[in-house]
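Spelled out from the first residue to the last, the chains are:
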Amino acid sequence: MVYTVGILTVSDTASKEPLLDKSGPVIKEILTRQENYAIVKDWIVPDEIHDIQKTVETWADTVGLDLILLTGGTGFSKRDRTPEAIEPLLTRKTPGITHLLLSSSISITSFAALSRPVTGIRNKTIIITLPGSPKACKENMDAIIKILPHALDLLSDQHSETVKETHAQIQGHQCTHHESEENLTGQSAPLDAPVSRKARSSPYPLISVGDAQDLVDQHTKQLNVINMPVSQFLASGYVLAEDVQSIEPVPGYRASIVDGYAVYAEDGPGVYAVESVALAEQQETATSLSKGKVAYVATGGMIPDGADAVVMVEDTKLIKASDDGKQELLVQILSHASKGQNIREIGSDCGVGEKVGMKGQKVGPSEVALLASVGVRHVKVYRKPLVGVLSSGNEVLEHIHTDSLKPGQIRDTNRLSLLAAVRNAGFEATDLGIVSDNVDDIHEALEEALSRVDVLITTGGVSMGKADLMKPILEQKLDASIRFGRVFMKPGKPTTFATVPCGKNSKLVFALPGNPVSATVTFFLFVLPALRKMSGVDRSRNVIVPVQLDCDIKLDTRPEFHRVHVKADMTGLIAQTTGNQISSRMMSMAEANGLLQLPPKNTELSKLQKGATVPCMLIGQLDSY
């Protein structure tokens with residue numbers, strides 16, 4: 001049975017810029033994963049009672065929707081008016097659903113008590129208000145998703161048989177899940193199971209990209225701290241594990257900013273004898289300057305004691321030189337000087353004990369120069385993870401050693417692209433080669449790899465074929481915990497993330513799909529943020545920017561990460577599609593420096609028009625037109 005649904009986001013900001021709506025897409029994603037909901041209406045209104053009521057009345061009375069879900073406007077702020085808009089529209093209230101919403105959220109955080117949910121019935125339409133926070137919205141949807149079908153059936157005379165069946169199941173304490181849901185055990189079938197017992201569908205729940213990213217983040221920890229000589233920062237990207245203070249002042253002596261003459265400012269313009277010369281390379285302390293005389297100083301040279309200003313050489317005139325022309329004897333100062341003019345005093349750039357680095361700060365070329373300049377020789381940084389890349393499959397062959405391919409064989413491109421991606425991101429990668437589709441071979445390769453690396457990336461063997469052995473081997477041979485085994489996305493649905501116990505800690509395994517594009521896209525989505533966090537980066541996820549489409553793009557039933565080439569012009573960022581997006585077509589990754597985050601299609605939206613603004617995850621450098 002299919003139920004018609006309307007999703008209404010209540011938000012002043014999102015009504016002006018729809019891409020800022022985060023909770024509406026969360027609801028759509030949850031309902032899209034169910035088989036019995038059709039999203040007929042999807043709209044955004046500002047926090048105005050009239051706009052909320054007009055939309056809900058039309059959807060309930062004219063369109064005749066079975067279910068209306070509102071998100072936003074249920075808090076304590078002055079503009080939170082959703083409860084006041086909905087309560088007068090209800091013909092009956094549903095306190096049980098309201099209690100379920102509150103109790104499920106309060107069990108997670110006491111701040112949920114500050115929410116004001118309203119639920120009820122208008123004629124034969126169920127109306128439920130949800131929080132505006134995507135996280136809280138998802139928690140509330142998870143709490144009610146199982147009871148909604150029965151509640152909707154009770155309101156409709158057409159579903160009387162379904163109601164009877166459900167009541168019988170409840171009275172008999174039988175499970176009300178669909179048969180397909182019973183198979184979502186999160187555990188693979190035994191490796192020695194006969195073919196007749198092999199699963200025909202995945203036992204792993206299909207979760208959202210956001211939930212998958214949260215799980216990766218939850219199980220990713222920073223690595224240990226190491227003491228590193230500043231002179232050995234040959235690769236940038238290390239992250240400081242402590243605040244760093246300067247040991248020496250910069251400059252360490254009074255230095256000239258320009259090529260010129262050190263003077264007493266009060267002497268003023270006139271002709272003066274040249275007493276000494278101070279070059280930048282001189283290390284000894286400059287001599288004192290006699291009153292009524294000047295001393296030549298080069299840029300960076302030491303200022304003689306007593307001198308309190310430097311006059312640029314352009315503001316002077318040579319009056320007399322030695323007979324051999326090698327020495328200046330008399331110089332005319334043409335301009336007035338002020339005290340301190342063109343002089344860098346000791347510690348004026350950086351004083352002793354001044355903070356020159358903060359915990360969590362990345363160390364790049366400029367930071368290395370700063371640390372060296374203030375006398376810091378060693379700093380504590382987070383160790384970077386060592387990443388291993390392993391390909392699997394009987395059909396996969398070494399690229400460099402293969403002159404020609406036989407039917408059914410392919411060159412191993414995944415390993416090459418992932419090794420390049422890891423190294424390009426500033427991490428060390430080790431090539432683990434190719435392993436055949438054999439339980440013992442894969443087990444041995446995984447064990448050996450995990451003894452050497454912090455993070456293991458594999459490609460292939462994660463779908464539903466007879467040779468897809470990666471998940472069961474991880475679980476049954478290595479005692480791994482599969483944190484997720486399927487993700488609601490395109491491409492990359494069978495992406496798997498596992499943790500393998502190793503002493504007091506766990507090592508991370510990312511089992512990526514075998515399709516080349518899927519492997520690359522999921523690397524940027526899930527693996528790269530984990531590598532950054534392990535190396536001490538606080539904000540480890542990829543940068544998301546708004547871009548404009550340069551053509552129409554059709555939407556898929558799943559949220560899609562569409563490969564694009566992003567360029568910058570005077571109007572903003574423009575995204576150009578890389579063409580056919582099939583997950584086996586590596587051409588779609590060529591020159592791609594961004595991944596559009598496209599929503600799943602629904603009955604009202606099947607494509608995005610040219611010029612639409614879409615969030616885009618940057619995976620490379622921007623170009624300009």
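Here the structure is a predicted model, which is why all the values come from computation and not from measurement.

**Digging into the domain arrangement of the protein chain**
Entries for the protein chain in the domain assignment read domain 1 (3–171), domain 2 (209–220 + 385–535), domain 3 (225–249 + 349–382), domain 4 (255–277 + 287–344) and domain 5 (544–618). The gap between the C-alpha centroids of domain 1 and domain 5 is 30 Å. Taken together, the contacts link eight residues of domain 1 with eight residues of domain 5. Between domain 1 and domain 5, the buried area comes to about 680 Å², and carbon and sulfur atoms account for 53% of it. There are one salt bridge connecting domain 1 and domain 5. K41 is the salt-bridge partner of E604, the closest N and O atoms lying 3.9 Å from each other. Those elements that place two or more of their residues in the side of domain 1 that touches domain 5 are helix 2 (23–32) and strand 2 (37–45). Ranked by residue count, the leading element in the side of domain 1 that touches domain 5 is strand 2, at four residues. Residue composition of the side of domain 1 that touches domain 5, by class: three nonpolar, one polar and four charged.

**What to know about unusual backbone geometry**
In this model, V250 is joined to P251 through a cis peptide bond whose omega is -5 degrees. Tracing the chain through its elements places P251 in the loop between strand 10 (244–245) and strand 11 (255–256). The step from K490 to P491 runs through a cis peptide bond, and the omega angle for that step is -5 degrees. Inspection of the secondary structure puts P491 in the loop between strand 28 (486–487) and strand 29 (496–502). In this structure, N123 takes a positive phi of about 60 degrees despite not being glycine.

**Concerning helix 3 (residues 49–63)**
Compared with an ideal rise of 1.5 Å per residue, which puts 15 residues at 21 Å, helix 3 spans 20 Å between its outermost C-alpha atoms and is within 8% of the ideal. Taken together, the buried residues of helix 3 touch strand 1 (3–10), strand 2, strand 3 (67–71), helix 4 (82–86), strand 5 (119–122) and strand 6 (125–130). Phi for G64, located one or two positions after helix 3, is positive at around 75 degrees.

**Some remarks on the pattern of salt bridges**
The final tally for this structure, using the stated rule, is 25 salt bridges. In this structure, E48 engages R81 in a salt bridge whose closest nitrogen and oxygen atoms are separated by 3.3 Å. One end of the pair, E48, is in the loop between strand 2 and helix 3; the other, R81, is in the loop between strand 3 and helix 4, with 33 residues separating them in the sequence. The class of E48 is partly exposed, set by a relative accessible area of 31%. Classification of R81 as partly exposed rests on a relative accessible area of 25%. As a salt-bridge pair, R452 and E448 come within 3.5 Å of each other at their nearest N and O atoms. On the basis of relative accessibility, which here comes to 39%, the residue E448 falls in the partly exposed class. Look at the salt bridges and you will find they share partners, linking D12, E48, R79 and R81 into a network.

Criteria and cut-off values
- Residues numbered from 1 in each chain as written.
- Predicted model: local features only at pLDDT ≥ 70, side-chain atom pairs only at ≥ 80, totals over all residues.
- Heavy atoms only, no water.
- Domains from an automatic or database assignment.
- Contact = heavy atoms within 4.5 Å.
- Buried area = accessible area lost by both parts, 1.4 Å probe.
- Salt bridge = Lys/Arg side-chain N within 4 Å of Asp/Glu carboxyl O.
- Helix = DSSP H or I, 4+ residues; strand = E, 2+ residues; numbered from the N terminus.
- Nonpolar A, V, L, I, M, F, W, Y, C, P; charged D, E, K, R; others polar.
- Expected span 1.5 Å × (residues − 1).
- Buried < 20%, exposed > 50% of the residue type's maximum accessible area, 1.4 Å probe, protein only.

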